[in-house]
Amino acid sequence: MNSQPPSHTQVVIIGGGIHGCSVAYHLTKQGLTDVVLLERKQLTSGTTWHAAGLVGQLQGSHSTTAFAKYGIELLQEIEAETGQNPGYWRSGSISIAVNDERMAELKRKADFASFFGIEAHYLTNSEISERWPLMNPEGVLGGIHMPSDGSANPVDLTTALAKGARMRGAKILENIKVEEVLTRNNKAIGVRTDQGTISADVVVNCGGMWARELGRQNGVGVPLHACEHYYLVTEAIDNLPSDLPVLRSYCDGTYWKEDAGKLLFGFAHFQARPWGMEGIPESFEFDSLPFIEDDVMEVLELAMNRVPLLQETGIRTFFNGPESYSFDGRFILGQAPDIRNYFVLAGVNSTGIQSGSGAGRALAQWIIDGHPPMDLSEMDPKRCEEFQARDPYLQKRCPETLVLTYAMHWPNRQRETVRNLRRTPFYHPMKARGACFAEAQGWERPGWFAPEGVEPKYDYSFGRQNWFDHVQEEQKAARQCVAMIDYTMLGKLMVEGKDAESFLQRVCTNNMAMANGRVAYTLMLNERGGIESDVTVARHDDDSFMVMSSISHTRRDYLHLRDNIQPGEDVRLRDVTPSYGVLGIMGPKSRDLLRAVSDADLSNETFPFNSLRHFHIGHAKVFAQRLSYSGELGWEIFITPDFAEHVFEVLADAGKAFDLRLIGGEALNALRIEKGFVHWGHDMAYTESPHQIGLDFACKPNKEIPFIGRDAYLARRAENKGPFLFFLRLRDPEPLLHHNEPVLRGGKVAGYVTAGAWAWEQGAAVGLCLLNAPAGETGRDAAGKGQFTVLVEGREIEADISLSPFYDPDSKRMLDREGQLPASEAKNSTLPQAPVMSAQKQAEDRVK
């Protein structure tokens, strides 16, 4: 297969596993044929060769489900194209539940599969036993059957992809080690190998468990680590049915598949070990790791109970091999943050065979088109902060990802490893007052507050969790009295210099030529008219602006701003996030509370909505912005860390007279959804245009300096295609919404819930949803017509759909409760039919 390495190629791919070969195959299939793939040893010799080969479509996100669905389509076609059989067997799969919560999760995943047109059926205990007679049915409540699932031979599939790429002109070269990715002026320009240098226009790191170290040489964070992963293969079993579906018992931590007259069964461990902490041996090729019986005994006993035949069957193969897991359970797919034309595809958490084809196609489309083909923001390498790409962090966090593979995928499940890294100035006083902390980007922030006598600990469920009643009280306080929340982790980026205004005019959709002391909500678009981010911008001085964004994508926003500074522009960018503690106060009594602790004029005339002022609270000089992410009258108060706890104590003491209540992220999330405020990454991303989300009010296409993406945005707005954002409320008060529940129009899938919560004011679950217009129609009005239901755990629940939020649609409570708005403010306060605002106030990203 080898030939002499060329001196130049358009694309060089590092790594000959399933992902590298998939990228090569799809690049050439789309017409980019000048491709070289380099493999340090032999194809598949890292981790691909020992994969179990399962191909399942019951996934948790839009992108991974789309990848898996396409993967099965390709498995059925690639032999006719290449002549190489990928070893695909369409056996179907059955996932069983042994408790009500697991059944709820499986039903929700099956609901989600319907959004993609993937067939999924509920099976009873007896129906499962008919299809899998070797299973002990004791305790099994039921399961989900996916007829189109199955398995493939990892080596044969990879060989087919490589053969398809070679047929179209790609060079696949084995036994060539890439020693360094070459860069110049922050751009990848090729690779240096042990057999010479190859210049290239694009470099793709598909190095698997070597990808982290390779990336680190160029300062590219690839946050993954190899972990030990076990499976066993029995001796031949007489009369073993060859048509057994793949069986998954998540609660037993085990999967089974028929394997040439034998049973292969593998584990999602209850404890996991990182591997290769001192580096991967240079000689590693088709290697396995020592099998440590104690590591799997607990799961093995459960497996033998679920399939009793294993108790009397010999084991032919005890296998332990390394698999790469990412720090947060999401893929690492996209362009490196600091090096142009350097792409990464790695860390797919032992799903390479089912997802590799789709992931490789997506990255190939990105390379060719210059932008992602779908919303891949959850996989963006830019989400990783520097500390999250270091070995001490990864060696603790990545094994937890492996453990959670078969664990319950609870709503708002919190990680347990590597916690308490970043604490705000309010951490200790809030902990003393009952805060139960959640984590985002290493920051500890209150999720909810436990009353006296209640343990501040998450007790997870797909139903009403242990914090449900307490969070209702927190919502009630924000709606009726006054509430206070820790906003410290709000991203704060200073944009400074004499060209700061003109720079922001170009990057932002709203008018940044505002007076000092004014604040504006704005979008940042890409050249395709898609929403790259939504932020709030405050003008502090003639040449000084603060750009505020969600902690979940502060780094991404920083990089977007940095990359748009043009040569010669006097623009300086600083991340000052940790330089201020921030407290948000909200509610109809928030003005009364501030007046009690400050001599500032808080009248609407002097301190209107979307403005900031400097004043004192207690002995501390602060500045505050009159904004609200809850939909109530509110302020965000910025304090230097040295005075932060003092200000907290002053507000807490004075707040007793106004029934002040501390609230956390769970309450804020419900408040913002009820008010119709959106969150980038959940309710929109770079694939959506402002007209789809109801954010035209934040776009000023006629301003003197046109913003990036203006013409594309106007063209998309004129075309008026969806999907479009709507507001949703269930008519039945019992079911809960989390996210990804399909929305049906007349019994047919029309869209899905992007975010959901139970709202105290509504007495029901509310959500935001993206809906498509019926076939042959366009426009938002058409998308909102009809009778709607939401699919929740297999049941259709009637729902109200609205173009306006269900809470205070005219925003009267947020804009003012004390008097007539001045004319200048009244113009800006009249929002469009669907008044939505940004979620940059840290509604936490939730990994489902």
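All of the points below concern the structure found in this document. No experiment lies behind these values; they were computed from the predicted model shown.

1. A look at the overall build of the protein
And step 1. A tally of regular secondary structure across the protein gives 22 helices and 38 strands.
And step 2. In terms of C-alpha radius of gyration, the protein reaches 27 Å, essentially the compact-globule figure of 29 Å for 848 residues.
And step 3. The dimensions of the protein, computed from C-alpha atoms along their principal axes, are 85 × 65 × 55 Å.
And step 4. Classification of the 848 residues of the protein by burial places 62% in the buried group.

2. Here's the deal with the sheet that holds strand E28 (residues 581–586)
And step 1. Here we have six strands laid out as an open sheet, ordered E29-E30-E31-E28-E22-E32, and mixed in their pairing. For this open sheet the edge positions go to strand E29 (612–617) and strand E32 (660–662), each flanked by a neighbour on one side alone. The average undirected angle you get between the axes of adjacent strands in this sheet is 30 degrees.
And step 2. In terms of strand pairing, strand E22 (residues 482–486) meets E32 through three bridges, oriented parallel. Across the sheet, residue Ala483 finds its bridge partner in E32, namely Arg661.
And step 3. Running at roughly 145 degrees to strand E31 (residues 634–639), helix H16 (residues 641–655) makes contact with E22, E28, E29, strand E30 (620–625), E31 and E32 of the sheet.

3. Overview of the environment of Leu583
And step 1. Its place among the elements puts Leu583 in strand E28.
And step 2. Taking relative accessible area as the criterion, Leu583 reaches 0% and is therefore assigned buried.
And step 3. On a C-alpha basis, the gap between Leu583 and Trp635 in space is 8.3 Å, while along the polypeptide they are 52 residues apart.
And step 4. Once you skip the residues sitting within four places of it in the chain, Leu583 turns out to touch Phe426, Met430, Met484, Ile485, Asp486, Trp635, Glu636, Ile637, Ile639, Val647, Phe648 and Leu651.

4. With respect to the pattern of salt bridges
And step 1. The tally for this structure, following the rule as stated, stands at 42 salt bridges.
And step 2. The salt bridge involving Glu400 is made with Arg397; its shortest N-O contact spans 3.7 Å. A residue pair is termed a helical-turn pair when its members lie 3 or 4 positions apart in one helix, as Glu400 and Arg397 do in helix H10 (residues 391–404) at three residues.
And step 3. On the basis of relative accessible area, Arg397 is assigned to the buried category, the value being 3%.
And step 4. Put simply, Arg212, Glu213, Arg216 and Asp391 are held in one network by salt bridges that share partners.

5. Considering helix H4 (residues 100–115)
And step 1. Along its 16 residues, H4 runs 23 Å from first to last C-alpha, staying within 8% of the 22 Å computed at 1.5 Å per residue.
And step 2. Among the residues making up H4, those that are buried are Arg102, Met103, Ala104, Glu105, Leu106, Arg108, Lys109, Ala110, Asp111, Phe112 and Ala113.
And step 3. For H4, the N-terminal capping position is held by Asn99, with its side-chain oxygen 3.3 Å away from the main-chain nitrogen of Glu101.
And step 4. At the C-terminal side of H4, Gly117 shows a positive phi close to 75 degrees.

6. Thoughts on the packing of aromatic side chains
And step 1. Throughout the structure, instances matching the rule amount to 33 aromatic pairs.
And step 2. Ring centres of Trp448 and Tyr458 lie 6.2 Å apart, and the angle between their planes is 80 degrees; this geometry places the pair in the edge-to-face category. Highlighted residues: Trp448 in strand E21 (residues 443–449) and Tyr458 in the loop between E21 and helix H12 (468–480), separated in sequence by 10 residues. Residue Trp448 shares its accessibility class with Tyr458, and that shared class is buried.
And step 3. Each member of the aromatic cluster is reached from another via a ring pair, and the members are Trp410, Trp448, Tyr458, Tyr460 and Phe462.
And step 4. The positively charged end of Lys107 is found above the aromatic ring belonging to Tyr122, 5.2 Å away from the centroid.
And step 5. Taking NZ or CZ as reference, Arg780 lies 5.6 Å from the ring centre of Phe726, over its face.

7. Here we look at the packing of H12 against helix H17 (residues 665–675)
Between two packed helices, both the angle of their axes relative to each other and the distance between the axes serve to describe the pair.
And step 1. Where H12 meets H17, the axes come as close as 9 Å, and the angle between the chain directions of the two elements is 55 degrees. Taken together, H12 and H17 sit at an angle that is classed as oblique. As for the relative orientation of H12 and H17, their crossing is right-handed in sense. Contacts between H12 and H17 involve Val471, Glu474, Gln475, Ala478 and Arg479 from the former and Glu666, Ala667, Ala670, Leu671 and Glu674 from the latter.
And step 2. Class assignment of the residues belonging to the contact of H12 with H17 gives a composition of five nonpolar, one polar and four charged.

8. Section: the state of the cysteines
Throughout this description, disulfide means a covalent bond between two cysteine sulfur atoms.
And step 1. Using the criterion set out here, one finds zero disulfides in the structure.
And step 2. Cysteine Cys227 is unpaired, with the sulfur of Cys398 as its nearest cysteine sulfur at 5.9 Å.
And step 3. Looking at the unpaired Cys508, the closest cysteine sulfur is the one in Cys699, lying at 11 Å.

9. Description of the pairing of strand E26 (residues 544–549)
And step 1. Taken across its six residues, E26 has six buried, putting it largely inside the fold.
And step 2. With burial as the criterion, each face of E26 is covered, one bearing Ser544, Met546 and Met548 and the other bearing Phe545, Val547 and Ser549.
And step 3. Pairing between strand E23 (residues 491–496) and E26: six bridges, direction antiparallel. Residue pairing across strands places Val495 opposite Phe545, the latter belonging to E26.

10. Topic: the sheet that holds strand E12 (residues 224–234)
And step 1. Across the sheet, eight strands lie side by side as E5-E6-E4-E13-E14-E15-E12-E16; this open sheet has mixed pairing. Edge strands, defined here as strands with exactly one partner in the open sheet, are strand E5 (121–123) and strand E16 (315–326). Pairs of neighbouring strands in the sheet enclose a mean axial angle of 25 degrees, with direction left out of account.
And step 2. In terms of strand pairing, E12 meets strand E15 (residues 262–267) through three bridges, oriented antiparallel. Residue Leu232 lies in a different strand from E15, and its bridge partner there is Phe265.
And step 3. Against the sheet, H4 contacts strand E4 (93–97), E5 and strand E6 (142–146), and its axis sits at roughly 25 degrees relative to E6.
And step 4. The sheet contacts of H10 involve E12 and E16, and relative to E12 the element is tilted by about 35 degrees.

11. Points about unusual backbone geometry
And step 1. The omega angle of the peptide bond from Gly722 to Pro723 is 5 degrees, so this bond is cis rather than trans.
And step 2. Its location among the elements puts Pro723 in the loop between helix H19 (710–719) and strand E33 (724–730).
And step 3. Phi is positive for Asn186, which is not a glycine, with a value near 60 degrees.
And step 4. Within the secondary structure layout, Asn186 lies in the loop between strand E9 (178–183) and strand E10 (188–193).
And step 5. Judged by its relative accessible area of 53%, Asn186 falls in the exposed class.
And step 6. With phi around 65 degrees, Asn341 is a residue other than glycine that occupies positive phi space.
And step 7. Note that Asn341 resides in the loop between strand E17 (332–335) and strand E18 (342–346).

Definitions and limits used
Residues numbered from 1 in each chain as written. Predicted model: local features only at pLDDT ≥ 70, side-chain atom pairs only at ≥ 80, totals over all residues. Heavy atoms only, no water. Helix = DSSP H or I, 4+ residues; strand = E, 2+ residues; numbered from the N terminus. Rg over C-alpha atoms; globule rule 2.2 N^0.38 Å. Buried < 20%, exposed > 50% of the residue type's maximum accessible area, 1.4 Å probe, protein only. Pairing = 2+ DSSP bridges. Axes fitted to C-alpha atoms, helices over the stretch in contact; angles between N-to-C directions. Contact = heavy atoms within 4.5 Å. Salt bridge = Lys/Arg side-chain N within 4 Å of Asp/Glu carboxyl O. Expected span 1.5 Å × (residues − 1). Polar contact = N/O pair within 3.5 Å; in protein donor to acceptor, adjacent residues only side chain to side chain. Phe/Tyr/Trp six-rings, centres within 6.5 Å; stacked < 30°, edge-to-face > 60°. Lys NZ or Arg CZ within 6 Å of the ring centre and 35° of its normal. Parallel < 35°, antiparallel > 145°, perpendicular 65-115°, else oblique. Left-handed = near helix turned anticlockwise from the far one by under 90°. Nonpolar A, V, L, I, M, F, W, Y, C, P; charged D, E, K, R; others polar. Disulfide = S-S within 2.5 Å.

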